[in-house]
Amino acid sequence: MSRRSWAEPFKIKMVEPLQMTTPEERERAIAEAGYNTFLLRSRDVYIDLLTDSGTSAMSDRQWAGMMLGDEAYAGSENYYHLEEVVRRYYGYRHVVPTHQGRGAEHMLSRMLIKPGDVVPGNMYFTTTRAHQELAGGRFADVICDAAHDASSEAPFKGNVDLEKFERLVAKVGAARIPYFCLQCCVNMAGGQPVSLGNIEAVSAACRRHGIRLMLDATRAVENAWFIQQREPGYASWSIADILLRICSFTDGCTNSAKKDCLVNIGGFLCLNDDALAEEARNLVVLFEGLHTYGGLAGRDLEAMAIGITESVRQEHIHARVGQVEYLGDLLTRAGVPIVRPVGGHGIFINAAEFLDHMPREEFPAQALAAALYIDSGVRAMERGAVSAGRDADTGKNIYPSLELVRLTIPRRVYTQAHMDVTAESVISLFENRSRVSGLRMTFEPKYLRFFQARFEPVHPSGRVLDRAGAGR
Ligand SMILES: *Cc1c(COP(=O)(O)O)cnc(C)c1O
């Protein structure tokens, strides 16, 4: 049979010109940024794969919706539209908007966690864990072992290991576990999905122990795509129906709408419990804004409502994940070590293997992200020891099993040609990997250090990438 490709289910109506820079300019820019891609100015970036958070392109419908913003302080029409859409697609009873995902995480952690509590989850997420710890809790990872194995081809590497969960309950007691935090398309594992069978089993275990199950629904739509594609029994289900089923096993969710929901800012907290929802509506006034705007403008709520309805369309999610797979296939064919199978929102380069000459203390993923930027102006981000931070008890650096560079693909923003340019740069660095040297940290912020930490090259030349012979 002849090949049939997917293509983007949209055409381009407006363009944003990109800044082109020289390698010398980029060397200067990354040195000024302390070799931290988070500290680069976006005008110095060519292809920005730092994150898929808030970087989506909105549709003409969403922009039109922005003009329908009802900027009333209380009872905005757009809030009611959002509430209706969230109830329809996510299925929860109560919806409290927040300025972004961490606003919802803050409120949930504050309401449910008491000092000394333990919150199990399938791998940590930076802001989620930070809020659990701020509330006095401790995060306990109960994800399956395959998640930590970059070479495992298991289809649902985000799955919870139920035995690990049971052992934790036996050890600390269900009374010390306020809720289970279940993440979809587990970000730090490489965007690896959770199966519906696993979600159902986690839900049953939680109910047995009287523990709430809260979903981090940030990437639940992308997770629904993998269930449809990989889990027996769901091939004929729509994305919307799978999403509803995922949520149906849980008691509520936090959500960063800056990801799946196709907006530049926004989030929400959902709860089925009436009393808890009442408490959330009290808290949101203190930290975000009234419960009918949650720190957002009416127009933002409208764009979010429309974005959610667009996010669950089959052709959208096919093209979104398809583009990620396209980049992954180019790199895999060239032998670049990446986390397999390719997840929902980006390519995760196994930096420890890519730069196997570099000790972990020299932050190989941080160094590789800096070198990639110098080579081609592609901005990636570190997801390894810098992101993992320090152990809350011992204060020692955590060296997670996965030391990754994330190439995160914004939704509906870049073309296949941008993916080709990115792949060619990564492959060229891989072929010249001995030219990349390590970094030492010179400034370390107290919280979420990866955002603002600064580094310098350990090499006597003062360079992270020896460009000798490179002719670009
Ligand atoms: C982005 C993200 C968050 C936090 O959301 P923000 O909108 O950035 O505050 C929480 N969980 C996951 C899985 C995320 O990807």
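Within any chain, residue numbers begin from 1 and follow the written order of that chain's sequence. Local features are withheld for residues below a pLDDT of 70 in this predicted model, meaning they are given only at 70 or higher, and side-chain atom pairs are given and counted only at 80 or more; totals for whole chains, interfaces and linings count all residues. Based on all heavy atoms of the structure, the side-chain values leave hydrogens and waters out of the count.

1. Considering the environment of Y399
Right, so step 1: Only DSSP runs of H or I covering at least 4 residues are called helices, and only runs of E covering at least 2 are called strands; the numbering of each starts at the N terminus. The residue Y399 is located in the loop between helix 15 (385-388) and strand 12 (404-408) in this model.
Right, so step 2: Sequence spacing of Y399 and R360 is 39 residues, and the spatial spacing of their C-alpha atoms is 7.5 Å.
Right, so step 3: For this analysis, residues touch if any pair of their heavy atoms sits within 4.5 Å. Dropping the residues within four chain positions of it, Y399 is found in contact with R360, E361 and A385.

2. Structural notes on the pairing of strand 4 (residues 138-141)
Right, so step 1: One requirement defines pairing of two strands: DSSP has to find at least two bridges between them. Bridge analysis of strand 3 (residues 118-121) against strand 4 gives 4 bridges, and the strand direction is parallel. Paired with G121 across the bridge in strand 4 is D141.
Right, so step 2: For the segment spanning strand 3, helix 5 (residues 126-134) and strand 4, crossover handedness is right-handed. With strands facing away from the observer, any crossover in which the path from the first strand over the helix to the second runs clockwise is taken as right-handed.

3. Comments concerning the packing of helix 6 (residues 162-172) against helix 7 (residues 196-209)
Right, so step 1: Contact pair helix 6 / helix 7: the axes reach a minimum separation of 11 Å and the direction vectors enclose 15°. Relative to helix 7, the element helix 6 is oriented roughly parallel. The two elements helix 6 and helix 7 cross, and the hand of that crossing is right-handed. Seen from helix 6, the contacting residues are L162, F165, E166 and V169; seen from helix 7, they are N198, A201, V202, A205, C206, R208 and H209.
Right, so step 2: Three classes are used: nonpolar for Ala, Val, Leu, Ile, Met, Phe, Trp, Tyr, Cys and Pro, charged for Asp, Glu, Lys and Arg, and polar for all others, with Gly counted as polar. Residue composition of the contact of helix 6 with helix 7, grouped by class: 7 nonpolar, 2 polar and 2 charged. Convention adopted: a line fitted to C-alpha atoms gives each axis, helices being fitted over their contacting stretch, and angles between N-to-C directions are expressed from 0 to 180 degrees. Each angle gets one of four labels, with under 35 degrees taken as roughly parallel, over 145 as roughly antiparallel, 65 to 115 as roughly perpendicular, and the rest as oblique. Helix crossings are classified by the rotation of the near helix relative to the far one: an anticlockwise turn of less than a right angle makes the crossing left-handed, while a clockwise turn makes it right-handed.

4. Quick word on the domain arrangement of the protein
Right, so step 1: These domain limits were set by an automatic method or by a database of domain assignments. With domains assigned, the protein is organised as domain 1 (23-52 + 314-457) and domain 2 (60-311).
Right, so step 2: Across the boundary between the two partners, domain 1 contributes 32 residues, which contact 38 residues of domain 2.
Right, so step 3: In this assembly, domain 1 packs against domain 2 so that about 2700 Å² is buried in total across both faces, 54% of it on carbon and sulfur atoms.
Right, so step 4: What counts as buried area is the accessible surface, traced by a 1.4 Å probe, that two parts surrender upon association, with contributions from both included. Its largest share of buried area at the contact with domain 2, domain 1 owes to I317, P341 and R411, together 19% of the area lost on that side.
Right, so step 5: What counts as a salt bridge is simple: a side-chain nitrogen of Lys or Arg found within 4 Å of a carboxyl oxygen of Asp or Glu. Among the salt bridges present, the one from R340 reaches E153, with a minimum N-O distance of 3.2 Å.

5. So, a nonpolar patch on the surface
Right, so step 1: Among the surface-exposed residues, F10, I12 and V15 lie close enough to one another that they form a single nonpolar patch of about 320 Å² accessible area.
Right, so step 2: Here F10 shows up in the segment before helix 1 (23-32).
Right, so step 3: The exposure class assigned to F10 is partly exposed, which follows from its relative accessible area of 34%. Put simply, a patch holds well-exposed residues, over 30% relative accessible area, that have no salt bridge, with like charges counted together within 9 Å and Val, Leu, Ile, Met, Phe, Trp or Tyr side chains within 5 Å. Accessible areas in this description were obtained via Shrake-Rupley with a 1.4 Å probe; residue shielding takes into account the shown protein chains only. Buried residues are those whose accessible area, probed at 1.4 Å on protein chains only, stays under 20% of the maximum for their type, while exposed residues exceed 50% and partly exposed ones sit between those limits.

6. Remarks on the site of the ligand
Right, so step 1: The immediate surroundings of the ligand are formed by 15 residues, with G101, R102, D216, S256 and K259 found nearest.
Right, so step 2: Any pair of nitrogen or oxygen atoms within 3.5 Å is treated as a polar contact; in protein, a donor-acceptor pairing is required on top of that, and neighbouring residues in sequence qualify only through side-chain atoms on both sides. In this structure, R219 approaches the ligand through a side-chain N or O atom, which is 3.4 Å from an oxygen atom.
Right, so step 3: Contact with the protein chains covers 97% of the free accessible surface of the ligand, which is 380 Å².
Right, so step 4: Mapped onto the shell around the ligand, the elements with two or more residues apiece are helix 4 (101-112) and helix 5.
Right, so step 5: When residues of the shell around the ligand are assigned to their parent elements, the largest contribution, 3 residues, is made by helix 4.
Right, so step 6: Residue composition of the shell around the ligand, grouped by class: 1 nonpolar, 8 polar and 6 charged. A single heavy atom is enough: if one lies within 4 Å of a molecule or strand, its residue is considered near that molecule or strand.

7. Thoughts on helix 1
Right, so step 1: All of the buried residues in helix 1 are P23, R26, E27, A29 and I30. Looking straight down helix 1, one finds that the buried residues subtend no more than 170° of arc, so they occupy a single side. Within helix 1, the exposed residues directed more than 90 degrees away from the buried face are R28 and E32.
Right, so step 2: Looking at the buried residues of helix 1, the elements they touch are helix 14 (364-376). The arc in question is formed by the directions pointing from the helix axis toward the C-beta atoms.

8. Re the state of the cysteines
Right, so step 1: Defined by distance alone, a disulfide is two cysteine sulfur atoms within 2.5 Å. Evaluated as defined, the whole model comprises 0 disulfides.
Right, so step 2: Unpaired in terms of disulfides, C185 finds its nearest cysteine sulfur in C184, a separation of 6.8 Å.
Right, so step 3: Residue C185 is classed as buried on the basis of its relative accessible area, which comes to 0%.

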